[in-house]
Amino acid sequence: MKQKLLFSGLAVSTVGITSYLLKDPSNRQKAREFIHSMKMKLTKQPDMETFPVDKAGHPHPHDIEDNKMVSEGSMYPVQYYDEKKK
């Protein structure tokens, strides 16, 4: 019972302090920027300008060498399957 009262008291006081601090528009903007920066740090989304992969997914139809490599596929599964069969 005491633990519920403690948590509810903390929640009410946190909401009250937060609403008082966020009355000022500049404080609201600072809070939004802080939350956005924390979200970006926690989710670790890559920055698209510095993303290391330039070419991924479907190969360009006129890139002959890349198309040849994709059409050959990986030989590891084939060798593994052959070894299991023997």
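Engineer: Would you mind going over the overall build of the chain with me for this structure?
Structural biologist: Secondary structure summary: the chain contains four helices and zero strands in total. Ordered by position from N to C terminus, the α and β elements of the chain give α-α-α-α. Here the chain, with 86 residues, has 1% of them falling under the buried criterion. With an accessible surface of roughly 8600 Å², the chain has 63% of that area assigned to carbon and sulfur atoms.

Engineer: Looking at this structure, how should I read the environment of Leu21?
Structural biologist: In this structure, Leu21 sits in helix 1 (residues 2–21). For the pair Leu21 and Ala31, spaced 10 residues apart in the sequence, the C-alpha separation amounts to 9.8 Å.

Engineer: How should I be thinking about helix 1 in this particular structure?
Structural biologist: Helical periodicity: at 3.6 residues per turn, an α-helix aligns residues three or four positions apart in one direction. The end-to-end C-alpha distance of helix 1 is 28 Å, a good match for the 28 Å that 20 residues give at a rise of 1.5 Å each. Taken across its 20 residues, helix 1 has zero buried, putting it largely on the surface.

Engineer: Could you clarify how one ought to interpret a nonpolar patch on the surface in this entry?
Structural biologist: On the surface, Ile17, Tyr20, Leu21 and Leu22 cluster together into a nonpolar patch covering about 410 Å² of accessible area. Take Ile17: it is sitting in helix 1. Under the relative-accessibility criterion, Ile17 is labelled exposed at 53%.

Reading the values: the criteria
- Residues numbered from 1 in each chain as written.
- Predicted model: local features only at pLDDT ≥ 70, side-chain atom pairs only at ≥ 80, totals over all residues.
- Heavy atoms only, no water.
- Helix = DSSP H or I, 4+ residues; strand = E, 2+ residues; numbered from the N terminus.
- Buried < 20%, exposed > 50% of the residue type's maximum accessible area, 1.4 Å probe, protein only.
- Areas by Shrake-Rupley, 256 points an atom, 1.4 Å probe, with all protein chains shown as cover.
- Expected span 1.5 Å × (residues − 1).
- Patch = residues over 30% accessible without salt bridge, like charges linked within 9 Å, V, L, I, M, F, W, Y side chains within 5 Å.
- Salt bridge = Lys/Arg side-chain N within 4 Å of Asp/Glu carboxyl O.

In short, shape yes, function no, at least from these values alone.
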